[in-house]
Amino acid sequence: MSHAETHRVPNQRVPVRLQEYGVGVFKAIMTKSALKKALKKAYITVDNVTATTATFISGGEEITLTLPDKKTSGKKFHYSCHILFEDAYLAVIRKPPGIRVSGNHFKTIANALPQCIQASEVDDAIKPQPVHRLDYATTGVLLIGKTNSSIRKLNALFQNRVVTKTYYAVTIGKMKDSGEIKSDIEGKVSLSRYTLLQSVPSKRFGQLNLVQLYPETGRRHQLRIHMSEIGNPILGDPNYGTEGLVLKGKGLHLHAHSLKFTHPFTEEYLCITDALPQKFKKIFPEIAV
């Protein structure tokens, strides 16, 4: 047994790569990463020809997704999500540390969402889906789509870089008041900016800094890599920290503080924020964020 969906492509002004066009087309695969996996596993055809990540479409084609049935245990992951914003189209929640956003695991934010997010009553409502990722150890604001069309439009906002993301981190060592880091990550150009807010002396680390971070691109582990590249790794980072200076037991000090974007349906400008975790305030007690 298998699950199949079809989609007829409307005329396109210019040919577009299927892996870009197809995000949100099928209810069963609503994210770019899921679409790439489906292409690599040969689950998608275009006019009955197996599609790949190199396939382009121009209009009039019939795209078919065929997924094998999955055996499910019927178990539901119940987790109490802290909701920062919610309406019929989208939601923003607080992601805690130590939980994956999605993936082949039972305990994920994605599996918890149907139990903690209100179901949308909009015609194309689907199972709520995260539309971007935060690392396993990172905390903070996470954007959720609740309808087919909202997920497609929110993905487009990220792709077009019109979502402003602000992070806070605690870094190790002396650093400049502000800076820009540009480098290749996995063969792709990546850009981050930072502003130093406050520094305190530390017997173990020499100096700890509270910095505001602005990722202009969205590569995997980008902020962690960039801070390490300039010699100021993020406190608690086991992957990119300095040997002998990795803080154990307190977790990664990286927090997604805010998302700013224009709501794709109401056109309201949203600025959703999440206060700094207590572990930040223990180091910088005078910071009111």
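All values reported here derive from a predicted model rather than from experimental measurement. Throughout this document, residue positions are counted from 1 along each chain, in the order its sequence is written. Owing to the predicted nature of the model, reporting of local features is limited to residues with pLDDT of at least 70; listing and counting of side-chain atom pairs is limited to 80 or more, with chain, interface and lining totals taken over all residues. To get the side-chain values, all heavy atoms of the structure are used, and hydrogens and water are removed first.

Caption draft 1: Examining the packing of aromatic side chains more closely. Note on aromatic pairs: the rings of Phe, Tyr and Trp (six-membered ring only in Trp) are paired at centre separations within 6.5 Å, and the planes decide the class, stacked below 30 degrees, edge-to-face beyond 60, tilted for the rest. This model, assessed by the stated rule, comprises one aromatic pair. Both rings, one in Y89 and one in F265, keep their centres 4.4 Å apart while their planes meet at 10 degrees; by these two values the pair is stacked. Remark: F265 occurs in the loop between β15 (254-262) and β16 (269-273) and Y89 occurs in the loop between β7 (82-86) and β8 (90-95); sequence separation between them is 176 residues. On the basis of relative accessibility, which here comes to 24%, the residue Y89 falls in the partly exposed class. Put simply, DSSP H or I for four residues or longer makes a helix, DSSP E for two residues or longer makes a strand, and each gets a number counted from the N terminus. Think of it in three bands: residues with accessible area under 20% of the maximum for their type are buried, residues over 50% are exposed, and the middle band is partly exposed, with areas taken using a 1.4 Å probe on protein chains only.

Caption draft 2: Examining the environment of Y168 more closely. With respect to the helices, strands and loops of the structure, Y168 is situated in strand β11 (residues 164-172). Relative accessible area serves as the criterion here: at 6%, Y168 is assigned to the buried category. For the pair Y168 and H255, spaced 87 residues apart in sequence, the C-alpha to C-alpha distance is 5.2 Å. Any pair of nitrogen or oxygen atoms within 3.5 Å is treated as a polar contact; in protein, a donor-acceptor pairing is required on top of that, and neighbouring residues in sequence qualify only through side-chain atoms on both sides. In terms of polar contacts, Y168 uses its side chain to reach the side chain of Q212, at 2.8 Å.

Caption draft 3: The arrangement of the side chain of N232 in detail. Here N232 is to be found in the loop between α5 (222-229) and β15. On the basis of relative accessibility, which here comes to 3%, the residue N232 falls in the buried class. Only 3.0 Å separates the side chain of N232 from the backbone oxygen of I172, close enough to count as a polar contact. Only heavy atoms matter for contacts: two residues are in contact if any of them lie within 4.5 Å across the pair. The residues contacting N232, other than those within four sequence positions of it, are T171, I172, G173, K174, M175 and M227.

Caption draft 4: Focus on the pattern of salt bridges. Counted as salt bridges are all cases of a side-chain nitrogen of Lys or Arg within 4 Å of a carboxyl oxygen of Asp or Glu. Going through the model one piece at a time under the given rule, you end up with seven salt bridges. Across the pair D274 and R94 runs a salt bridge, and its minimum N-O distance is 2.8 Å. Within this pair, whereas D274 is found in the loop between β16 and α6 (278-283), its partner R94 is found in strand β8, the two being separated by 180 residues in sequence. Overall, R94 belongs to the partly exposed group, its relative accessible area being 33%.

Caption draft 5: Main features of the pairing of β16. Across the two faces of β16 the burial differs, with L270 and I272 buried and Y269, C271 and T273 not buried at all. Bridge analysis of β15 against β16 gives five bridges, and the strand direction is antiparallel. Looking across to β16, one finds that L259 is bridged to I272. If you look at the hairpin formed by β15 and β16, you'll find six residues sitting between the two strands, and E267 has a positive phi there, around 65 degrees. Strand pairing is assigned whenever DSSP detects at least two bridges linking the two strands.

Caption draft 6: Quick look at the pairing of strand β14 (residues 206-215). Counting buried positions along β14 yields eight of 10 residues, so the element is predominantly enclosed. By the bridge criterion, six bridges tie β11 to β14 in an arrangement that is antiparallel. The residue bridging T171 from the neighbouring strand is N209, located in β14. Pairing of strand β13 (residues 188-202) with β14, which is carried by 10 bridges, proceeds in the antiparallel orientation. Bridge pairing in β14 places S199 opposite N209. Remark: three residues form the turn of the hairpin made by β13 and β14, two consecutive strands paired antiparallel.

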